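Letter by letter, the chains look like this.
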Amino acid sequence: MKLKLWLVVLVICAWTPLNAKTLEQWAKEFEPSALSYDERVKELQWFRDVSKELAKKLDGKTIRSAAEHIKTHFFERDVLSEAFFDITGLRVNHNIIGEGPVVKEIMTQLRTGRVIEHIYVNDADLIGTHLRYQGVVNLSDYMKGEGKKYTNPYLDLDDWLNLEFGQDYSGNQLQLPDQQFSNLYWFRYDWFTDPKNKADFKQRFGYELGVPINWAAYEDIAKFFTGRKQTNPDGSTVTAYGHLDYLKPSPSLGWRFTDAWLSIAGVGDKGLPNGIPVDEWGIRVENKVPVGSMVERGGAMNSPAAVYALSKFMEWLKFAPPEAKDLEWHTAGPRAAEGDVAQRIFQYITWLSTDAFHQEGSPVVGKDGFPVWRVAPTPHGRYWDEGMKVGYQDAGSWTIPNSVRGSYRAAAWLWAQFASSKTVSLKKFLVGGTPVRKSTINHPHIDKHIKQWAGLIEFYRSPAEKKWTDSGPNVPDYALSVTWVANLEQALKEFHNGASIPELAQKTMDKMARDQDDMMATLKLRKYSPQLNPIKSKDYWLKQPGSPKPERKPEKPETIAYDQLIKQWQ
Amino acid sequence: MKRFFYTFFICMMLAPMTTWAESITISVESREFYPFFFIEKDTPKGILLDMVRDGLTPLGISATFKPFPLKRGLKMVESGTVDAIIAPRVKNPKFLLPDDAFEKDVSVHRILQIDSVIVTYKSDYEFLGDIKTLPIPIRITLGDPIETLFNENGLSVDDAPSGTHNIKKLMRDKKGCVITTSLKAMTWLENPDYVNNMDVSTEPVVSRSYFLIFSKKTSLGQDKIKMVWNEIAKNRDDYIYPIKLFTAY
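Small disclaimer: the values here were computed from a predicted structure and weren't measured.

A. Representation of the interface of chain B and chain A. Listed per partner, the contact involves 25 residues of chain B and 32 residues of chain A. Taken over both partners, the interface formed by chain B and chain A buries close to 2,300 Å², and the fraction arising from carbon and sulfur atoms is 60%. A per-residue breakdown of the area chain B buries against chain A is headed by Thr202, Tyr239 and Ile243 of chain B, which together make up 30% of the total. Our count for the chain B to chain A interface comes out at four salt bridges. One salt bridge in this structure joins Lys61 of chain A and Glu203 of chain B, with 2.9 Å as the shortest N-O distance. Inspection of the chain B/chain A interface yields 14 residue pairs in polar contact (both at pLDDT 80 or more). For the side of chain B that touches chain A, the elements supplying multiple residues, two or more each, are β7 (112-121), α6 (182-189), α7 (222-237) and α8 (240-247) of chain B. Ranked by the residues each element gives to the side of chain B that touches chain A, the list is headed by α8 of chain B, at six residues. Classifying every residue of the side of chain B that touches chain A by side-chain character gives 10 nonpolar, seven polar and eight charged.

B. Just the side chain of Arg374 of chain A, in detail. All names here are of chain A. Relative to the helices and strands, Arg374 is located in strand β11 (residues 373-376). This buried residue, Arg374, is left without a salt bridge; Asp563 holds the nearest opposite charge, at 6.2 Å. At 3.0 Å, the side chain of Arg374 and the backbone oxygen of Pro371 are in polar contact.

C. Representation of the pairing of strand β5 (residues 84-88) of chain B in the model. All names here are of chain B. Counting buried positions along β5 yields five of five residues, so the element is predominantly enclosed. Relative to β5, strand β1 (residues 22-29) runs parallel, the two sharing two bridges. When the sheet's bridge partners are listed, Ser27 is paired in β5 with Ile85. Both β5 and strand β12 (residues 206-215) contribute to a ladder of five bridges, which runs antiparallel. Within β12, the position partnered with Ile86 by the bridge is Leu212.

D. Structural detail: the nonpolar core. All names here are of chain A. Judged by nonpolar contacts, the single largest core of 134 residues is most densely connected at Trp215, Trp261, Phe313 and Met314. Look past the residues within four positions of Trp261 in its chain and what remains in contact with it is Trp215, Arg256, Ala309, Phe313, Trp316, Ile345 and Phe346. Grouped together as the second largest cluster of nonpolar side chains are 50 residues, Ala27, Tyr150, Trp413 and Leu414 included.

E. Focus on the packing of aromatic side chains. Scanning the entire structure with this criterion turns up 49 aromatic pairs over all chains. Geometrically, the ring pair formed by Phe201 of chain A and Phe224 of chain A is edge-to-face, given 5.2 Å between the ring centres and 85 degrees between the ring planes. Here Phe201 of chain A, found in helix α9 (residues 195-205), pairs with Phe224 of chain A, found in helix α10 (residues 215-225); they are 23 residues apart in sequence, far enough to count as distant. Here the two residues Phe201 of chain A and Phe224 of chain A agree in accessibility, since each one is buried. The positively charged end of Lys91 of chain B is found above the aromatic ring belonging to Phe102 of chain B, 4.9 Å away from the centroid.

F. Representation of unusual backbone geometry in the model. The amide bond that connects Glu31 of chain A to the next residue, Pro32 of chain A, takes the cis arrangement and shows omega of 0 degrees. Here the residue pair Ile136 of chain B and Pro137 of chain B is connected by a cis peptide bond, since its omega of 0 degrees sits within 30 degrees of zero. Looking at where Pro137 of chain B falls in the secondary structure, it is placed in the loop between β7 and β8 (138-141). Even without a glycine there, the phi angle at Asn162 of chain A is positive, about 50 degrees. Along the chain, Asn162 of chain A falls in the loop between α7 (139-144) and β4 (176-188). You can call Asn162 of chain A buried: its relative accessible area is 2%. Located in the positive-phi region is Tyr528 of chain A, a residue other than glycine, with phi close to 45 degrees. Residue placement: Tyr528 of chain A occurs in the loop between α21 (501-522) and α22 (538-542).

Procedures and definitions
Residues numbered from 1 in each chain as written. Chains lettered and ligands numbered in written order. Predicted model: local features only at pLDDT ≥ 70, side-chain atom pairs only at ≥ 80, totals over all residues. Heavy atoms only, no water. Contact = heavy atoms within 4.5 Å. Buried area = accessible area lost by both parts, 1.4 Å probe. Salt bridge = Lys/Arg side-chain N within 4 Å of Asp/Glu carboxyl O. Polar contact = N/O pair within 3.5 Å; in protein donor to acceptor, adjacent residues only side chain to side chain. Helix = DSSP H or I, 4+ residues; strand = E, 2+ residues; numbered from the N terminus. Nonpolar A, V, L, I, M, F, W, Y, C, P; charged D, E, K, R; others polar. Buried < 20%, exposed > 50% of the residue type's maximum accessible area, 1.4 Å probe, protein only. Lys, Arg positive; Asp, Glu negative; His and termini not counted. Pairing = 2+ DSSP bridges. Core = buried A, V, L, I, M, F, W, Y, C linked by side-chain atoms within 4.5 Å. Phe/Tyr/Trp six-rings, centres within 6.5 Å; stacked < 30°, edge-to-face > 60°. Lys NZ or Arg CZ within 6 Å of the ring centre and 35° of its normal.

Structure (structure tokens):
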């Protein structure tokens, strides 16, 4: 009898992974959290109970999900997928790949129906694609119907930040945000408030050194700091750069522009979250149907504002570290933490959680242990008008292709809800710095440590946050971005060979707009498929109100003191 | 003599590149396997053909595609009547395949991975990998090499000239299943007559790497063959190339 008992114990031990934790242990692990311990246990118990049958059915199977390589997703892979398995018995392989492969995989899956992954963390920039392809699960319908049983009663969608990024024109949730990442202005607060720098700047430019409100001021500040000796809190002295950018040929070079650079210059129309009828890609829509990118069709991709946007990108490279030509978005992300960059107009917050920006001894961390850098609103170009979006912000969002059905769909949906549940979200933010819930941003734990985020929390708590938005539903197919990558690569080659900037920028934007329209003309999408406008003269469209906008004179540089600015956010 | 040499040299320099290009013949299955391969107005077309052509062109090789039933095509590769064939992996000492073709289910040097899925009449049935649970009759298209898999498992199949015949039979009989590519299943889901009456499996019944298999008798050197496979893989793994490719279909 004893032998039998021992055998049973041995079998149980053999079947239980050595590091498996109980539900209660995981509930303790997710401290701090927006939920109390008891509430966490309750939420986790729901996940456990609802998964029982599913786990039996999918025994030996793995749910495949894919996400880009940022800290938030590594945490999901290394910690949350383990917790999810321990609690539900559902195994997830959270595959961390580059953003390029994520887009490539999901586009391939949408086009071929071949199940590469069961769920993606796919940027909500693709919402225009998804609503036109009709290739992903309508989560609003799923939650009410087939997936009701698998929908977390504690989900609380009202607690989400920018849920609308993942919605189609009718408010259906096609993608559920998993992590928000804005793109903000980043600068060295210690250098900007240094009395000598302030005095010298005022003497040279005739106005106060501060957070630039427009590109003219950004350019002056870039000029001012480039080549100037500066000191860091760690005692190092550096020759500063007034700007930082990246231009290595790669998909991320395309995103450098599609992530709303044109609208920051002022290309699009007024309207939030996206300009209507002309958006941040310079695409005009009429009744939700894209009708053109070229000015000659009413678009703005080769308008004076777009040419100005590309020109400034190239002109400012002289203020950036020379290695900018070898940087991509992810290698440029933490670059400013090296301590020789004064400001950066285009900083994804995704990278601000890296140790380089926070650890003791870093050139950008003060002796008090807090950052000497800050984030502030994105300065806008001369074509920008009040009422337009101010900057770029997107949400990596859970997206289930229609080709994933039945038990796999249910399990994928459970995984998505778990990884963005109230139980785990605060902890996930503390690791990755990309929030998804209001309860995270407004939590007392965040209040206590607000200084370490250097303005980011104030940004997310402010109503101004709504003016930072992603690519809108005008973009009929994200695949159009391939025309951007190809043309920008060519333009930069010519730029490095000494081509004159304004002419090169005009030629590039003309070609890009034409290529994008040519590609749009071939699209046959299930809903709101593009129907291009006939060609008219540029002059005709430039005389119409709104975008495309005619040539504007250079603007007067304007700055604002950071401490005054932050009060506006508070 | 010198004058002749110079004239010959100049003529060669001015001659179009095609004069220099190598040319090979590739067999492709004659069954309809849209959009991967199919015949339109007597011309073989499809994604796999495009990918092969794009892999050959930078190496100065042009290709002529000839449609044959798979078995006949394989025989022609064996005998060297054609240089190569587009097909899933086949063990044959007379064939040249990438090194990992039999080591992995998804080869690095494949042209493309193609999944075959199960289409059933709307029911509670869910295919989770065990082919013995498949509702019968199992319908496949004539000549689909997948037949071997079912035969090996003691299952018999019904074959029809095309997937269209099969899906119509499924809708008529309301029982059994159809084996087809995930892409074809997607097109059926767009058909209002079918969409509410059919289920498509998430799991494929089989996922196959399609290769450009060379004959050992081809005049193309092994180094060049490897370069072709590399070129195809490079395009497939590119960010822009596949997006553009699929847009065309």
